[in-house]
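Chain residues, written in single-letter form:
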Amino acid sequence: MITNDQYIAFNKLNKWYDKCNHQIIELSGTINTGINEVVNEFIKYHEFKPYEILYLSKNQKQVLDIASTGSHCYFFDSFLYKYERIVDLDTMPIMNPKYNHVSYVYRKKIRKHSSIQYKLIIIKDSSLLTQEDVNCLTIYNIPIILIRDPFLIPIQNSYIHNHIPNIELHESNSELLQNPIIFFINQILNDKKLIIGNYNQLSITSKKDMNIYNLKASDMIITLSNQLRDLINNIYREKILKVSTSKNIIGEKLILTNSLYNEVLSNKNEKRVKIYLHKGLVGNITRCMNHGINTKYLNIDFRPEFYYDVFEDIYIDRFYLNNINSVISKQDIPDYCLNVEYAYSLTPILSRYSYWDKVTLINDDITDNMFKKILLYSAMTRAKKLLNIIM
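### Digging into the overall build of the protein chain
For step 1, the next point in the chain: Counting its regular elements, the protein chain contains 11 helices and 21 strands.
For step 2, the next point in the chain: For the protein chain, the C-alpha radius of gyration of 23 Å lies close to 21 Å, the compact-globule estimate for 391 residues.
For step 3, the next point in the chain: Classification of the 391 residues of the protein chain by burial places 52% in the buried group.
For step 4, the next point in the chain: Counting contacts in the protein chain only where the partners sit at least 6 residues apart, residues at least 24 apart contribute 69% of the total.
For step 5, the next point in the chain: Of the roughly 19,900 Å² of accessible surface on the protein chain, a fraction of 49% belongs to carbon and sulfur atoms.
For step 6, the next point in the chain: Across the protein chain, the mean location of the 46 positive side-chain charges is 2 Å away from that of the 40 negative side-chain charges.

Have a look at this one:
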């Protein structure tokens, strides 16, 4: 059963594609409206082959999931751009002895593809695109569908801030509401109170009943504030990992807060599948050098949480990770170094570049009701199979 909004959106999509008066069309709708189902029906109606559609996403886990179905999907930044490392020669120690570290910046250029045979481009998360991103997409002269989630927290300089979507869906799809996670997302959107209880894929419990098992059984813990996130990360390390110092161990879960554009993992069996060491990637330490609590630069191997292969021999800044400001390091500064944070718990903003099967969401006191609704929605939509909400 489709809604009236879905019916109208489907017809508008068909008219746009048949006439192609403008290259880009943007659909906007929350997860309960069936916006993705509209796009899927559009694809079926026009009988597109998997190789005729190019999917692009800022979510590397989503890229793998879509590619596993036989569709052509790429990580947005790597498909559209290439990054060139520009070194400041004046900072090279061999040229200027007063410097002990080479300074550099990355210059971004549009990547030119020799042949683009696709008939359609679909972007899964337009709220994470900049105006520059959208402008660069138009060089391929291919019809583009942007899918916008109006309640997903956008990036600061998002394309959506200055654009009204062509098609908007507001009506909830009754079939989708059979999913408990989507049902309670709909409750949040309609300012309904959440009732404590167990609802198959979703459970709602009080904070007084929260325990270590809630944290340990989740793929990701999401909190609404940074203060609560820091507390949960500390509790996880101390109570579950039994780590009482700032020394890091194998298995630590981290999130990247900057990018190393030259680091890529390639899949031997599928050339289109590549993983990039980009900001927002979550993974685990699989090897680390012996170190003391005052070691600033730590050499590790890092495995993305959704992939089998590892990034080898990379450096992380432990002072940044552990908020160490009182120690002056005498180590040589490595040419490439990642800034990372603990990722046992994330905020909705940090979690928007991924999703997980099992999520625990810990509610917090936020005075701005509209902002809290957006935070809760962004967090709840990160759960794909099971969601535990701690009220």
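Let's pick the thread back up.
### Quick notes on helix H1 (residues 4-19)
For step 1, the next point in the chain: Here H1 is 16 residues long and its end C-alpha atoms lie 23 Å apart, about the 22 Å a rise of 1.5 Å per residue gives.
For step 2, the next point in the chain: Inspection of H1 places Asp5, Gln6, Ala9, Phe10, Leu13, Asn14, Trp16 and Tyr17 among the buried residues, and these make up the whole buried set. Looking straight down H1, one finds that the buried residues subtend no more than 165° of arc, so they occupy a single side. Exposed residues pointing more than 90 degrees away from the buried face of H1 are listed as Lys15, Asp18 and Lys19.
For step 3, the next point in the chain: Where the residues of H1 are buried, they touch strand E1 (24-28), helix H2 (35-45), strand E6 (120-123), strand E7 (144-148) and strand E8 (167-168).
For step 4, the next point in the chain: The first or second residue beyond H1 is Cys20, which carries a positive phi of 50°.

### As for the sheet that holds E8
For step 1, the next point in the chain: The six strands are arranged E3-E2-E6-E7-E1-E8 in an open sheet whose pairing can be described as parallel. Single-partner strands in this sheet number two, and they are strand E3 (72-75) and E8.
For step 2, the next point in the chain: The pairing of E1 with E8 spans two bridges and is parallel. In the strand pairing of E8, Ser28 is matched with Glu168.
For step 3, the next point in the chain: Contacts between H1 and the sheet are confined to E1, E6, E7 and E8, with E1 contributing the most and set at about 175° to the helix.
For step 4, the next point in the chain: This element, H2, spans E1, strand E2 (53-57), E6 and E7 of the sheet and lies at about 160° to E7.

### Examining the nonpolar core
One recurring pattern in soluble globular proteins: nonpolar side chains tend to sit buried together.
For step 1, the next point in the chain: Leu254, Leu277, Ile300, Phe302, Phe311, Ile316 and Leu338 are the most contacted members of the largest nonpolar core, which has 32 residues in total.
For step 2, the next point in the chain: For this core, the elements supplying multiple residues, two or more each, are helix H3 (60-67), helix H8 (226-240), strand E12 (253-256), strand E15 (282-288), strand E16 (297-304), strand E17 (311-317) and strand E18 (340-342).
For step 3, the next point in the chain: Top contributing element to this core by residue count: H8, with four residues.
For step 4, the next point in the chain: Among the nonpolar cores identified, the runner-up in size contains 29 residues, and Ile185, Ile188, Trp356 and Leu387 belong to it.

### Some thoughts on H3
For step 1, the next point in the chain: Burial of H3 is extensive: seven of the eight residues sit out of reach of the surface.
For step 2, the next point in the chain: Buried within H3 we find Gln60, Lys61, Gln62, Val63, Leu64, Ile66 and Ala67.
For step 3, the next point in the chain: Its buried side turned inward, H3 meets E2, E3, strand E14 (274-276) and strand E20 (356-362).
For step 4, the next point in the chain: One side-chain oxygen of the residue at the start of H3 lies 3.0 Å from the amide nitrogen of Lys61, identifying that residue as Asn59.

### What to know about the packing of aromatic side chains
For step 1, the next point in the chain: Under the definition given, this model contains 17 aromatic pairs.
For step 2, the next point in the chain: Plain terms: the ring middles of Tyr81 and Tyr83 are 6.4 Å apart, the flat faces sit at 65° to each other, and that makes the pair edge-to-face.
For step 3, the next point in the chain: Note on Tyr81: relative accessible area 2%, which makes it buried.
For step 4, the next point in the chain: Ring centres of Tyr83 and Tyr261 lie 3.8 Å apart, and the angle between their planes is 15°; this geometry places the pair in the stacked category. Of the two residues, Tyr83 sits in strand E4 (residues 81-87) while Tyr261 sits in the loop between E12 and strand E13 (264-266), which places them 178 residues apart along the sequence.
For step 5, the next point in the chain: Residue Tyr83 is classed as partly exposed on the basis of its relative accessible area, which comes to 23%.
For step 6, the next point in the chain: Using a relative accessible area of 27% as the deciding quantity, one classes Tyr261 as partly exposed.
For step 7, the next point in the chain: An aromatic cluster is present here, built from Trp16, Tyr17, Phe42 and Phe48 joined pairwise through their rings.
For step 8, the next point in the chain: The ring of Tyr81 is capped by Lys108, whose NZ or CZ atom sits 4.3 Å from the centre of that ring.
For step 9, the next point in the chain: Lying over the aromatic face of Tyr355, Lys384 brings its terminal NZ or CZ to 4.7 Å of the ring centre.

What counts and what doesn't
Each chain has its residues counted from 1, following the order in which its sequence is written. Only residues with pLDDT of 70 or above have their local features reported here, since the model is predicted, and side-chain atom pairs are shown and tallied only from 80 upward, although totals for entire chains, interfaces and linings are computed over all residues. The side-chain figures draw on all heavy atoms in the structure; neither hydrogens nor water molecules are used. Secondary structure is summarised from DSSP: a helix means a run of H or I of at least four residues, a strand means a run of E of at least two, and numbering begins at the N terminus for each. Radius of gyration here is computed from C-alpha atoms only, and the compact-globule reference equals 2.2 Å multiplied by the residue count raised to the power 0.38. Each residue gets one of three labels from its accessible area relative to the maximum for its type: buried under 20%, exposed over 50%, partly exposed in between, using a 1.4 Å probe on protein chains only. Throughout, a residue-residue contact means that at least one pair of heavy atoms, one from each residue, lies within 4.5 Å. Each accessible area is a Shrake-Rupley estimate made with a 1.4 Å probe; only the visible protein chains count as cover when residues are assessed. A residue counts as positive if it is Lys or Arg and as negative if it is Asp or Glu; His and the chain ends are not included. We put the charge of a Lys on NZ, of an Arg on CZ, of an Asp on CG and of a Glu on CD. Every helix has an expected span of 1.5 Å times one less than the residues it contains. Here the arc refers to the directions that run from the helix axis out to each C-beta atom. Here, a strand pair is defined by DSSP locating no fewer than two bridges between the strands. Throughout, an axis means a line fitted to C-alpha atoms (over the contacting stretch in the case of helices), and angles, computed between N-to-C directions, take values from 0 to 180 degrees. Among buried residues, those of type Ala, Val, Leu, Ile, Met, Phe, Trp, Tyr and Cys that are joined through side-chain atoms within 4.5 Å constitute a nonpolar core. Polar contacts, as used here, are pairs of N or O atoms within 3.5 Å; protein pairs need one atom able to donate a hydrogen and one able to accept it. Residues neighboring in sequence count only if both atoms are side-chain atoms. The aromatic pairing rule takes the rings of Phe, Tyr and Trp, using the six-membered ring of Trp, and pairs them if the centres are within 6.5 Å, calling planes under 30 degrees apart stacked, those over 60 edge-to-face and the rest tilted. Over a ring means this: the NZ of a Lys or the CZ of an Arg is within 6 Å of the ring centre and within 35 degrees of the ring normal.

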